[in-house]
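# Summary of the model geometry
One letter stands for each residue in the lines below.
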Amino acid sequence: MSSHGTARSHPRTARLVLTAAVTAGVLAAGVAPASAHGTSAPPAPSSYSQLLPLTTLSAERLATADLVAAAKWGTDSPIDDPAREQIVLESVRRLALEAGTDPKTTVAIFRDQIEANKLVQRGLHALWTEDPSKAPAERPDLTEVRKEINRINAELVRAVAGSERARAAWSCRGVLAVTAVHVTHEKQLDQLHTRALVRAVPSVCPVR
């Protein structure tokens with residue numbers, strides 16, 4: 001991500017700040033930690049192992065937003081593309097049916113994924129407008145980038161299908177918060193991508 005002008009958070013202090021940010025973010029999004037349910041015990045491995053791929057793939061999908069932003073930078077291509085978004089959502093709906101999982105829930109999750117992707121694009125364009133020296137020197141092929149997005153989408157639908165039990169559990173929000181912090185550290189997400197990850201997952205767990 002740093003190749004397009006966003007800095008990774010390497011120092012320990014910055015990592016702690018980002019951990020606090022993602023925790024605050026998931027709380028604001030309604031993703032409460034496990035302790036809010038009266039227990040400080042770690043999440044059940046089965047729930048964690050079901051939700052971690054979903055959170056990891058969400059972060060991988062966000063990484064493609066850097067490439068999409070670079071492809072659109074300096075062109076007339078808008079960040080908001082309702083026609084393209086509808087194509088993605090219809091594709092996701094079909095994949096969900098094929099995977100035997102609820103298409104309505106899957107589409108809701110992907111609406112959040114799309115909004116998170118646009119959050120990154122807007123953030124990067126704002127950064128590059130303020131400091132053109134950080135703008136990308138090359139423009140990626142958007143057709144190729146979309147092929148990668150489609151691949152991740154298919155894997156993400158499978159992750160949604162494979163996490164039904166964990167997503168239905170009362171502990172879903174707490175476990176999801178733990179996976180988000182883990183992925184933030186593992187991928188060394190900067191502030192922009194951390195905020196986007198929080199934006200990408202609120203529909204994963206049902207509102208109670």
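Structure: see above.
Residues take numbers from 1 onward in each chain, read along the sequence in its written order. Totals for whole chains, interfaces and linings use every residue, but because this is a predicted model, local features are given only for residues with pLDDT of at least 70 and side-chain atom pairs only at 80 or more, for both listing and counting. With hydrogens and water excluded, all non-hydrogen atoms of the structure serve as input to the side-chain values.

### Quick notes on the state of the cysteines
Defined by distance alone, a disulfide is two cysteine sulfur atoms within 2.5 Å. Enumeration according to the criterion identifies one disulfide in this entry. A disulfide bridge connects Cys172 with Cys205, and the sulfur atoms are separated by 1.9 Å. The disulfide joining Cys172 to Cys205 has a torsion of about -75° about its S-S bond and is therefore left-handed. Of the two residues, Cys172 sits in helix α7 (residues 172-186) while Cys205 sits in the segment after α8 (191-200), which places them 33 residues apart along the sequence. Cys205 carries the same exposure label as Cys172, and that label is buried. Put simply, DSSP H or I for four residues or longer makes a helix, DSSP E for two residues or longer makes a strand, and each gets a number counted from the N terminus. Categorising residues by exposure relies on relative accessible area from a 1.4 Å probe, with only protein chains included: less than 20% of the type maximum marks a residue as buried, more than 50% marks it as exposed, and the intermediate range marks it as partly exposed.

### Notes on the packing of aromatic side chains
Only Phe, Tyr and Trp rings take part, Trp by its six-membered ring, and two of them pair if their centres are within 6.5 Å. Stacked means planes under 30 degrees apart, edge-to-face means over 60, and tilted covers everything else. Summed over all chains, the structure comprises one aromatic pair. Arranged with centres 5.5 Å apart and planes meeting at 80°, the rings of Trp73 and Trp128 form a pair that is edge-to-face. Of the two residues, Trp73 is situated in the loop between α2 (45-72) and α3 (82-99) and Trp128 in helix α4 (residues 103-130); the sequence distance between them amounts to 55 residues. Look at Trp73 and you get partly exposed, because its relative accessible area is 24%.

### Some words on the environment of Ala59
Within the secondary structure, Ala59 is located in helix α2. A relative accessible area of 3% means that Ala59 is categorised as buried. Placed 134 residues apart in sequence, Ala59 and His193 show a C-alpha to C-alpha distance of 8.0 Å. Whether two residues touch is decided by their heavy atoms; if any such pair falls within 4.5 Å, the residues are in contact. Residues in contact with Ala59, not counting those within four places in the same chain, are Val183, Lys187 and Leu197.

### Focus on the nonpolar core
Among the buried residues, those of types Ala, Val, Leu, Ile, Met, Phe, Trp, Tyr and Cys that are joined through side-chain atoms within 4.5 Å form a nonpolar core. Counting residues in hydrophobic clusters, the biggest one holds 41 residues, and the most contacted among them are Val120, Leu197 and Val204. Counting residues per element, the ones that place at least two in this core are α2, α3, α4, α5 (142-161), α7 and α8. Sorting elements by how many residues they give to this core places α2 first, with nine residues. Residues Val68, Leu142, Val145 and Ile149 belong to the second largest nonpolar core, which totals five residues.

### Overview of the pattern of salt bridges
In the sections that follow, a salt bridge refers to a side-chain nitrogen of Lys or Arg positioned within 4 Å of a carboxyl oxygen of Asp or Glu. For the coordinates displayed, the defined rule picks out 10 salt bridges. Asp80 is the partner of Lys118 in a salt bridge, and the nearest nitrogen-oxygen pair spans 2.8 Å. Of this pair, Lys118 sits in helix α4 while Asp80 sits in the loop between α2 and α3; the two residues are 38 residues apart in sequence, bridging distant segments of the chain. Take Lys118: its relative accessible area is 5%, and that puts it in the buried class. Glu115 is the partner of Lys118 in a salt bridge, and the nearest nitrogen-oxygen pair spans 3.0 Å. One end of the pair, Lys118, and the other, Glu115, are both in helix α4, three residues apart, so they sit about a helical turn from each other. For Glu115, a relative accessible area of 28% gives the class partly exposed. Several salt bridges share partner residues, and in doing so they unite Asp80, Glu85, Glu115, Lys118 and Arg122 into one network.

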